[in-house]
Amino acid sequence: MTSPILVAGGAGYIGSHVALALADAGRKVVVLDDLSTGRRDLVPAGAVFVQGDVGDAGLVRRILAEHGCDGVMMFAGSIIVSESFQAPLPYWRNNVGAGFAFLDACVAAGIRHFVYSSTAAVYGEPDRLPVPEGAALRPISPYGRSKLALEWALADACSTGACSTGTMRFAALRYFNVAGADAAMRSGQVSPVATHLIKIAVEAATGKRPGLAIYGDDYPTPDGTCIRDYIHVSDLAEAHVRALGHLEAGGDSLIANCGYGRGYSVRDVLDAVEHVAGKRLDIRTEGRRRGDPPALVADSSLLKRVLGWSPRHDDLDLMIRSALDWEAR
Ligand code: UDP
C-alpha cells in the first residue's frame, strides 16, 4: 500500500497533469493550491483538495500528518521570465521564501521523497547544445535564479549535514518548454495572462486575440528567431511519476533535464500552428524580450537512462493539436 502524495500547486497547468498521471497510476493524491493561477476543476476528481498557501508551514505539516504522506511534489511558484524582471522580489518571495518554508515543513515532517519542478532557465545561455545537466549554471533572470536557489536548498536538505535528517531524497526535473494538453481534455494550459508562445499562438488561432508578435528575429539562429525544445505535458507528467517511483524504489537523488533533444524556432512553431489550425495568423515582429536565451535544447539522456522514460508524444503538430483542442473547449 503506497502512501498519498502531496502535490503542491496541483491545480496549475503542469501540477494538474502530474496529479492526473498519479491518480491514473492508482496513487492517492492530495492537492494543495491557493488557486491564484490554478483552477479547482483541473484537480483530479478523486483527489483531496486543500485551498491554501504552500508557504504556510503549519498547514503543510498538518496536511502531511493527517494524510500520512511519505512523498511530495512541488509545482507552486511564479513562472514568467519577463515578469520576474519587473517584479524580482515576488519571485524570491514565492519561489524561494514560500518554497523554503514548504521544504522546511517537509523535512520537519520526515518526508522521504521530494520531486521538484525546476527549469532549463537555471542554465542561462549554455555554451553548447544539447545542454547536459552538468553544464554551467548561470541563470540570466530573477526567475531562473530563484528556481536554482530552491534547487540548491533542496540538495542541501537531502545531504547528510548536521542539520539535515538524512532521510530525504529528491528529484529535480529541469523542464524545457512545456506545451499540449491531456488527451482526454481533463486539463490543459490555463493562465489568466498568457505569455508562452504556443498558448498565445493557439489563442490567436481561435480568435481570442487578434494576432501575436515574434520577439526578436536577429538572434544568431538559422532564421533569426529563438530556438526551444518543446515537450508535451503528458510526457513530462510521466517523467514525474517515474521519478517518484525511482525514489520510492531506493534510487539516489537526481537532477534531470526534460525535453526531446530537438529544437524548433519561433517561426517553425508559428508555421506549425498555421498548418494545424488551417489558417494564417496575424504575426508582427517586435524587439527582443528580456531574458530570452537564443537557443535551448535538452540533453535528456539521463532521464531515459535512469528512469527508463521515453517520449510518447514527440510530435510538434500533435502538441499543437491538443493545445488547440483545449483552447477551443
Ligand atoms: N515568444 C514570441 N512571442 C510570444 C511569446 C513568446 O516570440 O508572444 C518567443 C519568446 O521570445 C521565446 C520563445 O517564444 O523565444 C519561447 O517563449 P515562451 O515564453 O513560450 O517560453 P520561455 O522559453 O520563455 O520559457
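The structure we're discussing is the one just above.
Below or above, wherever it landed, is the structure these notes cover. Note that this is a predicted model, so its numbers are computed, not measured. (Residues numbered from 1 in each chain as written. Predicted model: local features only at pLDDT ≥ 70, side-chain atom pairs only at ≥ 80, totals over all residues. Heavy atoms only, no water.)

### Things to note about the sheet that holds strand β3 (residues 48-51)
- In spatial order, the strands read β3-β2-β1-β4-β5-β6-β11; together these seven strands make up an open sheet with parallel pairing. Bordering the open sheet on either side are β3 and β11 (254-258), each of which pairs with just one other strand. On average, each strand axis in the sheet is inclined to that of its neighbour by 20°, with strand direction left out of account.
- Relative to β3, strand β2 (residues 29-33) runs parallel, the two sharing four bridges. Counted as the bridge partner of Val31 is Phe49 from β3.
- Against the sheet, helix α1 (residues 13-24) makes contact with β1 (5-8), β2, β4 (71-74) and β6 (169-175), and its axis sits at roughly 170° relative to β2, the strand it touches most.
- Where helix α2 (residues 57-67) meets the sheet, it contacts β1, β2, β3 and β4, and its direction lies at approximately 170° from that of β2. (Pairing = 2+ DSSP bridges. Helix = DSSP H or I, 4+ residues; strand = E, 2+ residues; numbered from the N terminus. Axes fitted to C-alpha atoms, helices over the stretch in contact; angles between N-to-C directions. Contact = heavy atoms within 4.5 Å.)

### Let's talk about the site of the ligand
- Leu197, Ala213, Arg228, Arg289 and Asp292 are the nearest of the 14 residues found near the ligand.
- Contacts to the ligand include Arg228, whose side-chain N or O atom sits 2.8 Å from an oxygen atom.
- Bound to the protein, the ligand loses 91% of the 510 Å² it would expose on its own.
- Broken down by element, the shell around the ligand gets its largest block of residues, three residues, from strand β8 (residues 212-215).
- Along the lines of polarity and charge, the residues of the shell around the ligand split into eight nonpolar, three polar and three charged. (Near = heavy atom within 4 Å. Polar contact = N/O pair within 3.5 Å; in protein donor to acceptor, adjacent residues only side chain to side chain. Areas by Shrake-Rupley, 256 points an atom, 1.4 Å probe, with all protein chains shown as cover. Nonpolar A, V, L, I, M, F, W, Y, C, P; charged D, E, K, R; others polar.)

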